[in-house]
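Working through the structure, step by step
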Amino acid sequence: MNEIIDRESTGRKASMVAIIGNILLTIFNFIVGTLSGSTALVAEAAHTLSDVITSILAFIGFKIGMKPADKEHQYGHGMAEPIVGLIIVVFLLLVAYEILSDVYIKLLMHEALKAPDWIAAVMALIGIIVNYTMTTYLIRSGRRINSPALIADGQHQKVDIFSCGAVLVGVAGAQLGFTMLDPIVALFIAMMVIRTAFVVARDNINTIMGKIPSEEILDEIRTVAMSVDDVKGVHDVKLNNMGPYVSAELHIELDGDLKLRESHKISHIVEKEIINSVDSVKMAIVHTCPFEGDKK
């Protein structure tokens, strides 16, 4: 119960930090970008606005994923988190489209370009610091509680570190006479957004398709199962990835002369040990087989 409370508290706190931080960044990026004449900073404002939306979506996905199993969802609601991760991808692609549209007008339609004011560079520097802090906090929190939604949001946030750095370079270059550099930086931001969308989509699709989190979990399950008295072998270990947690299925080998009641008891002990010892495993199904020496 304490683990559930801790997971919910950590997820809620991380989501609120992201939402509030991105709202403030969106407001200041847009105001400063508009007043300073920085296309790149206005593009960054559009990006941080998408961050607000995706952080809200990540929080919704996290809350749904926390719901316990019921009659209709016997394995719980964990898949809500990778599904939200894919919705975040859609918003990333929309942001990239908006940025590219603005760059098209600036570069290909030959709209008059002017150098942004230095205040845009100051805002970009502040953005680097704030985004780095939020990214680190989100990803650490997401990994700590194994939340695909928070990790996806953190990866989304990471783009802003590089994009703010690019804005800083663009403003400096424009002030030195390279006015084309500002919309080119906006183009670079759009490319980073698209790359992030690809990475987030790949990771969440793999989760939905049941890709195992790591080979180490399989080894850990085998080790825990073999540590139980009377277990002589373990084989056919399988994992079902449910997003923030996994369910495990495995076969253990016992003395063939054991009575059914005794082998059933041992299988339940193994299930409890795996759930208690392997962090990401929340469900386990153990089948018993007669031990046949070295034959598997």
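Residues numbered from 1 in each chain as written. Predicted model: local features only at pLDDT ≥ 70, side-chain atom pairs only at ≥ 80, totals over all residues. Heavy atoms only, no water.

1. With respect to the overall build of the protein
Helix and strand content of the protein: 8 helices and 3 strands. Counted from the first residue to the last, the protein has its helices and strands arranged as α-α-α-α-α-α-α-β-β-α-β. Taking 19 Å as the expected radius of gyration for a compact globule of 296 residues, we find that the protein reaches 25 Å, considerably beyond that expectation. Projected onto its principal axes, the C-alpha coordinates of the protein cover approximately 85 × 35 × 30 Å. Residue burial in the protein is summarised as follows: out of 296 residues, 46% are buried. Partitioning the contacts of the protein with sequence separation of at least 6, the portion at a separation of at least 24 is 73%. In the form shown here, the protein has an accessible surface area of approximately 15,400 Å², with 64% of it arising from carbon and sulfur atoms. Here the protein holds 25 positive side-chain charges and 33 negative ones, and the gap between their average locations is 3 Å. (Helix = DSSP H or I, 4+ residues; strand = E, 2+ residues; numbered from the N terminus. Rg over C-alpha atoms; globule rule 2.2 N^0.38 Å. Buried < 20%, exposed > 50% of the residue type's maximum accessible area, 1.4 Å probe, protein only. Contact = heavy atoms within 4.5 Å. Areas by Shrake-Rupley, 256 points an atom, 1.4 Å probe, with all protein chains shown as cover. Lys, Arg positive; Asp, Glu negative; His and termini not counted. Charge placed at Lys NZ, Arg CZ, Asp CG, Glu CD.)

2. Section: unusual backbone geometry
Comment: phi is negative for the bulk of residues other than glycine, and the bulk of peptide bonds are trans. Its identity as a non-glycine residue notwithstanding, Asp 230 has a phi of 80 degrees, on the positive side. Relative to the helices and strands, Asp 230 is located in the loop between helix H7 (215-226) and strand S1 (233-241). Despite not being glycine, Asp 236 shows a phi value in the positive range, around 50 degrees. In this fold, Asp 236 is placed in strand S1.

3. With respect to the domain arrangement of the protein
Quite often, the size of an interface is put as the accessible area lost when its parts meet. When the domains of the protein are assigned, the result is domain 1 (1-209) and domain 2 (215-290). One C-alpha centre belongs to domain 1, the other to domain 2, and the line joining them spans 41 Å. Contacts between the two partners involve 14 residues from domain 1, matched on the other side by 10 residues from domain 2. Between domain 1 and domain 2, roughly 910 Å² of surface is buried when both sides are summed, and carbon and sulfur atoms account for 55% of that area. Linking domain 1 with domain 2 are 0 residue pairs in polar contact (both at pLDDT 80 or more). Mapped onto the side of domain 1 that touches domain 2, the elements with two or more residues apiece are helix H1 (2-36) and helix H3 (80-107). Partitioning the side of domain 1 that touches domain 2 into residue classes produces 5 nonpolar, 6 polar and 3 charged. (Domains from an automatic or database assignment. Buried area = accessible area lost by both parts, 1.4 Å probe. Polar contact = N/O pair within 3.5 Å; in protein donor to acceptor, adjacent residues only side chain to side chain. Nonpolar A, V, L, I, M, F, W, Y, C, P; charged D, E, K, R; others polar.)

4. Focus on the packing of helix H4 (residues 119-144) against helix H5 (residues 148-175)
It is the contact of H4 with H5, at a shortest axis distance of 8 Å, that shows an interaxial angle of 160 degrees. Between H4 and H5, the crossing angle belongs to the class labelled roughly antiparallel. Considering only the axes of H4 and H5, their crossing is left-handed. Tallied by class, residues from the contact of H4 with H5 come to 15 nonpolar, 8 polar and 4 charged. (Axes fitted to C-alpha atoms, helices over the stretch in contact; angles between N-to-C directions. Parallel < 35°, antiparallel > 145°, perpendicular 65-115°, else oblique. Left-handed = near helix turned anticlockwise from the far one by under 90°.)

5. Overview of the UniProt feature "domain: Cation efflux protein cytoplasmic" (unreviewed entry) in the protein
In this structure's numbering, the residues bearing the UniProt feature "domain: Cation efflux protein cytoplasmic" (unreviewed entry) are residues 213-290. Its end C-alpha atoms 30 Å apart, residues 213-290 is made of 38% helix and 36% strand. (UniProt positions renumbered as here; feature names shortened; annotations may be inferred.)

6. Observations concerning the nonpolar core
The biggest cluster of nonpolar side chains holds 35 residues, and the ones touching the most others in it are Leu 41, Ile 88, Ile 99, Val 167, Ile 189 and Val 193. Taken together, the elements giving at least two residues each to this core come down to H1, helix H2 (39-65), H3, H4, H5 and helix H6 (181-208). For Ile 88, the contacting residues outside a window of four places in its chain are Thr 54, Ala 58, Ala 152 and His 156. Within the second largest apolar cluster, 22 residues are counted, among which are Val 224, Ala 248, Ile 266 and Val 281. (Core = buried A, V, L, I, M, F, W, Y, C linked by side-chain atoms within 4.5 Å.)

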